[in-house]
Amino acid sequence: MPSMRQSYTVTMPEDPPAATFPFLKQEMRRKSSMSGSVLVSTFVGLLINQAKNSKSAQGLVGLRNLGNTCFMNSILQCLSNSQPLRDYCLHNAHRRDLNNNSRTNTALMEEFAKLLQTMWTSSSSEAVSPSEFKTQIQRYAPRFVGYNQQDAQEFLRFLLDGLHNEVNRVMVRPRGSSEDFDHLPDEEKGRKMWSKYLEREDSKIVDLFVGQLKSSLTCSSCGYCSTVFDPFWDLSLPIAKGYGEVSLMDCMRLFTKEDVLDGDEKPTCYRCKARRRCTKKFTVQKFPKILVLHLKRFSEARRTSKLSTFINFPMKDLDLREFASQCSIDAVYSLYAVSNHSGTTMGGHYTAYCRNPTSGEWYTYNDSRVTPMSSSQVRSSDGYVLFYELASSSRL
């Protein structure tokens, strides 16, 4: 029955009642007198066993397109398959943070959690409408009012920021202080800067998605090196130019490549007290549990152009330790979701490829349609936003 293999949008209860199949009881009574009843009961039994044995049926619910909202649906499906964020919502742990904060603005987090709960507990094959969620995200970020096509990565940034603000554990942010950490060793300075950040921004969203970048500026005249530590929610990677295949590691190396700042870009050296030619380099001081990598396919100067370069990104064992500020840091990741953009900037479409956190199987999410796929199909020239999890976290 090959067609049954495609019907994964139906979520069956663990022990389906007889009422689920009203003809089952009647057919079982007649099986001694009707030869066809055996076939019917066998067929129904197969359906029940498939549902009971297929935990992957959970979470495989499509989202209705409300009018050019494929960008939103794609990101929502990627976040729905982010297991720690999903569990945070399914277990209602977010309500504890909302209640502790006694905030009035909680509607975005509530609607997001309600949507994920519906997607993971629905026993219907019908796609879910995210209209109530859309109402709240456009209240938080008015740029999403209406039904124009939007950029998926920009939507992700606004959404995570909005969710974070509503479940931030910090009730009153401290006033900014001008503490000088420049005299400290870099590792200690990085820890101090991270602690300062958490004094203002501390939530489950930060726990999962935020890392720390180290920027090193070295004066070519005196050799003085100044360092700055900044939080990041994702990394926007330039696409390496070249013939043939481009790897994700090529893009990471281009992002962290040492740049020369000269001419009008010359900064002022802290030691020389004058503008000097300097070199600048990025390294990762703290890797997040969930690493979001944004492939810069769209031209910043001309939004009408798009790079369709095929980027070979690893499904597992993405080892980023060479980009770490310090040695022996845990930085090996596994891919679990991709937001794809097909077509052009004038007429494009977003979909998502996600690995179900329960079954480990991959699925295509195309608005209201959810279909199984092979892991060999995940890599394509449409890959736009990549979601990785720390491999050592065992699904965090």
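Residues numbered from 1 in each chain as written. Predicted model: local features only at pLDDT ≥ 70, side-chain atom pairs only at ≥ 80, totals over all residues. Heavy atoms only, no water.

Caption draft 1: Broad picture of the pattern of salt bridges. The tally for this structure, following the rule as stated, stands at 17 salt bridges. Where arginine 143 meets glutamate 154, a salt bridge forms, and the shortest distance between an N and an O atom there is 3.1 Å. Here the residue arginine 143 occupies a position in the loop between α7 (131-140) and α8 (152-167), and glutamate 154 occupies one in helix α8, the gap between them amounting to 11 residues. Its relative accessible area of 42% is what places arginine 143 among the partly exposed residues. When its relative accessible area of 27% is taken as the criterion, glutamate 154 is described as partly exposed. One salt bridge connects aspartate 262 with arginine 277, and the closest N-O pair in it is separated by 3.4 Å. Taken together, the residues aspartate 262 in the loop between β5 (259-261) and β6 (278-286) and arginine 277 in the loop between β5 and β6 connect sequence positions 15 residues apart. (Salt bridge = Lys/Arg side-chain N within 4 Å of Asp/Glu carboxyl O. Helix = DSSP H or I, 4+ residues; strand = E, 2+ residues; numbered from the N terminus. Buried < 20%, exposed > 50% of the residue type's maximum accessible area, 1.4 Å probe, protein only.)

Caption draft 2: Molecular detail of the side chain of glutamine 212. With respect to the secondary-structure elements, glutamine 212 resides in strand β1 (residues 211-219). On the basis of relative accessibility, which here comes to 4%, the residue glutamine 212 falls in the buried class. In this structure, glutamine 212 is in contact with Gly190, Met193, Trp194, Phe229, Asp230, Pro231, Phe232, Val284, Gln285 and Lys286, ignoring residues within four places of it in sequence. (Contact = heavy atoms within 4.5 Å.)

Caption draft 3: Structural context of unusual backbone geometry. Phi at asparagine 92 takes a positive value of approximately 60 degrees, unusual for a residue other than glycine. Residue placement: asparagine 92 occurs in the loop between α4 (83-90) and α5 (93-101). Residue classification places asparagine 92 among the partly exposed residues on the basis of a relative accessible area of 30%. With phi around 55 degrees, aspartate 367 is a residue other than glycine that occupies positive phi space. Mapping aspartate 367 onto the fold places it in the loop between β12 (362-366) and β13 (369-373).

Caption draft 4: Spotlight on the packing of helix α6 (residues 107-121) against α8. Across the interface, α6 lies against α8 with an axial gap of 8 Å and an inter-helix angle of 110 degrees. The angle between α6 and α8 falls in the class roughly perpendicular. As for how α6 packs across α8, the hand of that crossing is left-handed. From α6, Ala107, Leu108, Met109 and Phe112 reach across to α8, where they touch Leu159, Gly162, Leu163, Glu166 and Val167. Partitioning the contact of α6 with α8 into residue classes produces 7 nonpolar, 1 polar and 1 charged. (Axes fitted to C-alpha atoms, helices over the stretch in contact; angles between N-to-C directions. Parallel < 35°, antiparallel > 145°, perpendicular 65-115°, else oblique. Left-handed = near helix turned anticlockwise from the far one by under 90°. Nonpolar A, V, L, I, M, F, W, Y, C, P; charged D, E, K, R; others polar.)

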